[in-house]
Structure formats: C-alpha cells, structure tokens
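So you can see what is in the structure, the chains are spelled out below.
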2 protein chains.
Amino acid sequence: MRAAYIEQTGPASNIKVGELPDPTLTANQVLVRVKVAALNPVDTYIRAGHVPFELPMPFVVGCDLAGVVEAVGDDVTKFEPGDRVWGSNQGLLGRQGTFAELAAVDEQWLYPTPEGVTDEAAAATALVGITAHLGLVEEARIQEGETVLVSGGSGGVGSTVVQMAKAHGNRVVATTSNQAKVEYCQRLGADLVINYRTENVAERVREELPDGVNVWWETARTPNFEPAFASLTLGGRMVIMAGRDARPEFPVGPFYSNCNKLLGFVMFLASAKAQANAADDINRWLTDGVLKTRVDRIATLEDTAELHALQESSTIDAEDKVTGKLLVRM
Amino acid sequence: MRAAYIEQTGPASNIKVGELPDPTLTANQVLVRVKVAALNPVDTYIRAGHVPFELPMPFVVGCDLAGVVEAVGDDVTKFEPGDRVWGSNQGLLGRQGTFAELAAVDEQWLYPTPEGVTDEAAAATALVGITAHLGLVEEARIQEGETVLVSGGSGGVGSTVVQMAKAHGNRVVATTSNQAKVEYCQRLGADLVINYRTENVAERVREELPDGVNVWWETARTPNFEPAFASLTLGGRMVIMAGRDARPEFPVGPFYSNCNKLLGFVMFLASAKAQANAADDINRWLTDGVLKTRVDRIATLEDTAELHALQESSTIDAEDKVTGKLLVRM
C-alpha cells in the first residue's frame, strides 16, 4: 500500500510517501480502505517526537480516518466488508496511523458512517468531535441551562465545542481575535461572541452574564487563567487540553475561594466506551446538520509533509494560515 | 454577654473584649452557651478585612464552637435546652462569630457532641474536620484502595486529612519539614512520611509508589504544582484550599496530558447537608478515638487578640510557633 510515514521522528521533511507492506489483521481488527485522512496538531507533535510514545518504525502518521471496510478479523462483530466507517485514536500508544491506503484498526475505535454523511465530514470531525464531546460530557459534566465559554471559538476544537454545546442545549459564549472570526462564531450559533483583542473578556462576561459562566473551555496553547477565574460562576469548571510547554501564572486565591475546578484531559486516554458514546452523538449531529467541521483544503497523500509544515506554521502569530481541517483524499 | 469583637477590620489589636447585648433568636436558631471556641487562620483573614464579607458591627470573631443549648427558636427540631452541641461556619457570610459567652446559631450548622467527647476536642476539630471531610469525600471523591498524599501533614488541616484518610481506609503519604513532625505524622498513622527539606518528594513517591498517588492534598500557602503533577497517577486529583495571594507557575503540559484535575474549595460555601454528613463521620471517629486534634494551648476570652497575633506569626518562616489548635475556654 502507499503510505505517508517516517523512519525517525523529526521535522515535517522526514515524512516520506511510498510503498509499505499491507497491514495484517489481529482477531479484533478491521482492515479499512482509507478514503479520507484528516490532520490534527497532535500528528505534528508525534511526528516531531514531542509525545513520549514508542513509535513502530516505519511509522504511518495520522490519527483520523474515514473509509470502507475491506476485511475483518475473526472476532469482529460490529462491521463487515463494504461498511462505511470512521474513526480516530490511531497513530498513538504504539498503534500505526491513518495516512495510508489501508489501516488495520481495532474494532473498538471505529464507528459507522451514517448515510448522507461524507467521508470528508466524518474524517474532519473525528478527533475534534470526540475531544469536544469528552470535555463537555465526561469532564465538565455539562448540565442543562448552563453557559459554556469557548476561548478560541473559531479554531478546530473550539468551533466544534461551540456547535456541540449548542446542540446540547446550552448557552454559548465564544471569544476570538478578529471580525471575520466573530462572524464565523456567530454563524456557528454562539449566543455571544467577544473579540478578545478589542474587548476585556471578563468585564464583558460579567456585564452580560452577572453570575458568570459555568464552564470555560480554553483552547489557547497558553491558558490565561486570570480572565477565566474572573468569569466563572461559583463552582465553575475550566477545561484545558492543550499547552504542552506553557507555564502561566496561576492565581490561587480566586480559584479556590470560588470553588473552581480545573479539568485536564487528552482524548486518547479516554475509554473506548466514552469515545463510542461521543461517536453516537456526533453521528446524530452530523446527520442532522447541526455539527459542521470547516475544511481548509483537501490534498493528496503526496502532500502530507507539506500539510504538516503548514499546520505547524499556523501558530499564535499566524493563526489565519489554516482556517479549517487539512484533509488528504486517497 | 462577654465577647471578643471588633468595631472595624484591621490588626489583631483591634479585638476588644467586653459586654455586648445577648443575641436574639430567629425561629431556626439555637442559643448556645459557648464552652470552648477554637481559632482558625481564616478568623485572622476575616478580622483583617481580607475576605470580602460584609461584617455586622460590632462583629464577634471566630468560626468554631462547642457548648450547651440554652434556648431554641420556634422551628428548631433537632435540639433542646441542655443538649451538648458543636459547630463551625460562624462569623462568615454576615453571621456573627463564636468567641462569646453566647452564640445564636442556625440549627443546620450545629451537631450533637457525643458522650465521651470533650468540648475541647469537638471545637478543635470543627472547621478542620469538616474541611478535611469535604475535600476527601465531596471534592476528591476518594475511593477505597486509593493513596492520598498530604503536603504539610503535620498542620491543622493536614494532620486531620492524614487521620481521616486512614480512618477511611486509604493509604496515606505525608510530607513535612523536620524530624519531630515526621514522627508526629507517623503517630497519626501515615504509611510513608517524607521530609521535604531533605528529600525530593516526587522522586521518593515514584520510588515507593510507581503508579503515583491518586490524590495530592496541598496545604501550603503557595502550592508547588511541579512535584504534585510529577506524583499524581493518570487521572489523579489535587486539592487546594489555601493560598489567597499565591501566583505560582502552572506546568500545563504535565497536568492535562496526565488527565489531572485541580479541585479548589472553601468549606463555608459547602451545603449544610454536605457539612452535616461530615459531622456524622467526625462524631463517629472522635468517639472511636481514630481522630484526634492536637491542641497547642487553652486560653481565656481575654487572650483573643494575643491568640490572633500568635496565629498570624505562625507563617512559613516560623511554622513551629503554633503546633496545634488555639482554644479559648469561657
């Protein structure tokens, strides 16, 4: 099969595209003919060697995929050849990735792609969708009537959290950094959008929501605790799932005296059951059209190294370089 | 009645001792003839004006008390005159305090003092005991078989958490700062005691408990997140309930990538139900002798200002000045 892979961790230019042996199946695995693979920032961290996993070499990059079942292992019960499936959580914890014509995936990490949902939509939503769901449901245990603030509401995870919290029936505040993104967050359904470059977020929140917000979802790589704690209700929760190298100051007094909780998590350590629960809702919301993931471009497998470089260049200082998911169609 | 009170917030010398009118009862209140009142660090913050409460003036200082019911309001059902009671959560949120011959206390904040338990023991355990219980049970939701590390295991709250986690059937690690305190923590039942001045806590924890600790209870006024996050298990929880002015660096990567949770709380914002639940266990453990609160000295009401000053001088640099609760016997 053709695959995008590395032989050692390092820069994006380490990614080669070429022939690798087709994967063999264990009893619990499904052989997926990949139609679309989607890139996430964590793909670049893994490729660079910043995440302390043992990588099987040559290592196929990528976490997310959507495709068609080609074959199934002896113990597989949920799928059969010809089924359309999508999944995430590959290329992690010793598993091979998804940027290849074929992928052998444990049955527990695959979900049916509903009729009417494209492979592009399913692959683009996989990791960000499961992440958003885990954070809202498993971590923050969001309740009806609560308000969620999404700091960075136009980003990959952020835009998904905005839509998902709305689909869940919550009031949503989004913060973002320019007028185009403000309008995008409004189109996503946010009830209140704050441009954090021109407005004081905590002041605006207190003006509009005197009791504060119940959940602050931080997507910035350096979480800014000050406005978050100033905006949370008594007993409010802050979710963080990014910022590997960040070491911001932590204002202890406002945090504990307001009975706040800080909830850290990474999607790939959540149970298969929690992730499948997320996938059920995602499938429903993709079908109903209430969850849409913005796609920046659809490239080919040969472009994988270039996509990694592009993703890496999309940092705080050049955050508009990538305005949606980077996909590869096989 | 004689009382220790202030007419305006400020230094310990603002505390006067003299006659104030006896309190009048509302329908839900119990008039308690105070036998013993106990001092807590928060008493000094409130007196100094550092906690943003409106204080009724003249304001009687103090949160904790043990005594005997003198009279009850019309709607009181749990107590009658002559009952021995203890309680905490006074002198807060607009309520008058406990350093007086009489205190009018809402029925919901009072608990029966078991036979065989002295007023000194009940008053000394009140706030620290409820705090320890809330943190372990309501916040950390501690489970059987888990390990709790108490950072500052010989202090007021710390020594209570050590004993309570043992009473709850957990394995306990305590850290402290000198040999006398190491021995005290051992006497309290800690399974492992680490002198943090002479040993690297995180290294020692990983040596003795390769999986780490499930709960890190921080009592230091400046929480040190680094060793805590290095010591927690996957999904481990850190409890903080002190450090009003602290702004330590927060290592975001180790926290979220290990799915850790940071739980802040203050005892006085917990529900009456949760506090009563704590009091039930405390009464049982005081009766069984598995929970003992160390008393530094028993003074008189006239000494209240001096006790406040002593409590305030017992900071990080002079942490041995007070080695137990400061009590007043009426």
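- Per an unreviewed UniProt entry, the recorded name for chain A is Zinc-type alcohol dehydrogenase-like protein, and the organism is Adhaeretor mobilis.
- UniProt, in the comment section headed Subcellular location (unreviewed entry), describes chain A in these words: "Cytoplasm".

**Some points on the domain arrangement of chain A**
All names here are of chain A.
Working step 1: Partitioning chain A into structural domains gives domain 1 (2–113 + 294–329) and domain 2 (128–267).
Working step 2: A straight line from the C-alpha centre of domain 1 to that of domain 2 covers 29 Å.
Working step 3: In this complex, domain 1 contributes 14 residues to the contact, which on the side of domain 2 involves 12 residues.
Working step 4: Regarding the contact of domain 1 and domain 2, the summed buried area is about 1,100 Å², with carbon and sulfur atoms giving 44% of it.
Working step 5: At the boundary of domain 1 with domain 2, the tally comes to 0 salt bridges.
Working step 6: Here domain 1 and domain 2 share 0 residue pairs in polar contact (both at pLDDT 80 or more) between them.
Working step 7: A per-class count over the side of domain 1 that touches domain 2 returns 4 nonpolar, 6 polar and 4 charged.

**Here we look at the relation of the copies chain A and chain B**
Working step 1: It takes a turn of 180 degrees to lay chain A on chain B, together with a shift of 0.0 Å along the axis; the resulting RMSD is 0.0 Å. Here the copies are linked by what is in effect a two-fold axis.

**Considerations on helix α5 (residues 201–208) of chain B**
Residues and elements named next belong to chain B.
Working step 1: Within α5, the full set of buried residues consists of Val201, Ala202, Arg204 and Val205. When α5 is viewed along its axis, its buried side chains cluster within an angular range of 165 degrees and face the same direction. Of the exposed residues in α5, the ones pointing more than 90 degrees away from its buried face are Glu203 and Glu207.
Working step 2: Taken together, the buried residues of α5 touch β9 (147–151), β10 (171–176), β11 (192–195), β12 (213–218) and α6 (225–231).

**Here we look at the sheet that holds strand β1 (residues 2–6) of chain B**
Residue and element names in this part refer to chain B.
Working step 1: Spatially, β2-β1-β4 is the arrangement adopted by the 3 strands of the open sheet, whose pairing is antiparallel. Each end of this open sheet is capped by a strand with a single partner; those strands are β2 (16–19) and β4 (59–60).
Working step 2: Looking at chain direction, β1 and β4 are connected through 2 bridges and run antiparallel. Bridge assignment links Ile6 to a residue of β4, and that residue is Phe59.

**Describing the side chain of Asn14(A)**
Working step 1: Position of Asn14(A) among the secondary structure elements: in the loop between β1 (2–6) and β2 (16–19).
Working step 2: Using a relative accessible area of 19% as the deciding quantity, one classes Asn14(A) as buried.

**Structural notes on the packing of helix α2 (residues 119–139) of chain B against helix α3 (residues 156–167) of chain B**
All names here are of chain B.
Working step 1: Running from amino to carboxyl end, α2 crosses α3 at an angle of 55 degrees, the nearest separation of the two axes being 9 Å. Taken together, the axes of α2 and α3 lie oblique to each other. Where α2 crosses over α3, the handedness of that crossing is right-handed. Between α2, through Val128, Gly129, Thr131, Ala132, His133 and Leu136, and α3, the contact on the second element is made entirely by Gly156, Val157, Thr160, Val161, Met164 and Ala165.
Working step 2: By residue class, the composition of the contact of α2 with α3 is 7 nonpolar, 5 polar and no charged.

**Overview of the interface of chain A and chain B**
Working step 1: Taken together, the contacts link 30 residues of chain A with 30 residues of chain B.
Working step 2: The tally of links between chain A and chain B comes to 6 salt bridges.
Working step 3: The partner of Lys261(B) in a salt bridge is Glu139(A), with the nearest N and O atoms 2.4 Å apart.
Working step 4: Applying the counting criterion to the chain A and chain B interface returns 18 residue pairs in polar contact (both at pLDDT 80 or more).
Working step 5: Secondary-structure elements contributing two or more residues to the side of chain A that touches chain B are α6 (225–231), β13 (232–240), α7 (252–257) and β14 (261–264) of chain A.
Working step 6: Considering only residue class, the side of chain A that touches chain B consists of 19 nonpolar, 5 polar and 6 charged.
Working step 7: As judged from the 3 bridges shared by β14(A) and strand β14 (residues 261–264) of chain B, these two strands associate in the antiparallel manner. Residue Leu262(A) lies in a different strand from β14(B), and its bridge partner there is Leu262(B).

**Things to note about the packing of aromatic side chains**
Working step 1: Tallied over the entire structure, the rule returns 19 aromatic pairs over all chains.
Working step 2: An angle of 70 degrees between the planes, with centres 5.2 Å apart, marks the rings of Phe250(A) and Phe225(B) as edge-to-face. On the criterion of chain membership, the pair formed by Phe250(A) in the loop between β13 and α7 and Phe225(B) in helix α6 is interchain, its members lying in two chains. Each of the two residues, Phe250(A) as well as Phe225(B), counts as buried.
Working step 3: When the ring of Trp217(B) is compared with that of Phe265(B), the centres are 6.1 Å apart and the planes differ by 90 degrees; the resulting orientation is edge-to-face. Placement of Trp217(B) in strand β12 and of Phe265(B) in the loop between β14 and α8 (272–288) is noted, with a sequence separation of 48 residues between them.

Conventions we followed
- Residues numbered from 1 in each chain as written.
- Chains lettered and ligands numbered in written order.
- Predicted model: local features only at pLDDT ≥ 70, side-chain atom pairs only at ≥ 80, totals over all residues.
- Heavy atoms only, no water.
- UniProt positions renumbered as here; feature names shortened; annotations may be inferred.
- Domains from an automatic or database assignment.
- Contact = heavy atoms within 4.5 Å.
- Buried area = accessible area lost by both parts, 1.4 Å probe.
- Salt bridge = Lys/Arg side-chain N within 4 Å of Asp/Glu carboxyl O.
- Polar contact = N/O pair within 3.5 Å; in protein donor to acceptor, adjacent residues only side chain to side chain.
- Nonpolar A, V, L, I, M, F, W, Y, C, P; charged D, E, K, R; others polar.
- Least-squares fit on C-alpha atoms with pLDDT ≥ 70 in both.
- Buried < 20%, exposed > 50% of the residue type's maximum accessible area, 1.4 Å probe, protein only.
- Helix = DSSP H or I, 4+ residues; strand = E, 2+ residues; numbered from the N terminus.
- Arc of directions from axis to C-beta.
- Pairing = 2+ DSSP bridges.
- Axes fitted to C-alpha atoms, helices over the stretch in contact; angles between N-to-C directions.
- Parallel < 35°, antiparallel > 145°, perpendicular 65-115°, else oblique.
- Left-handed = near helix turned anticlockwise from the far one by under 90°.
- Phe/Tyr/Trp six-rings, centres within 6.5 Å; stacked < 30°, edge-to-face > 60°.

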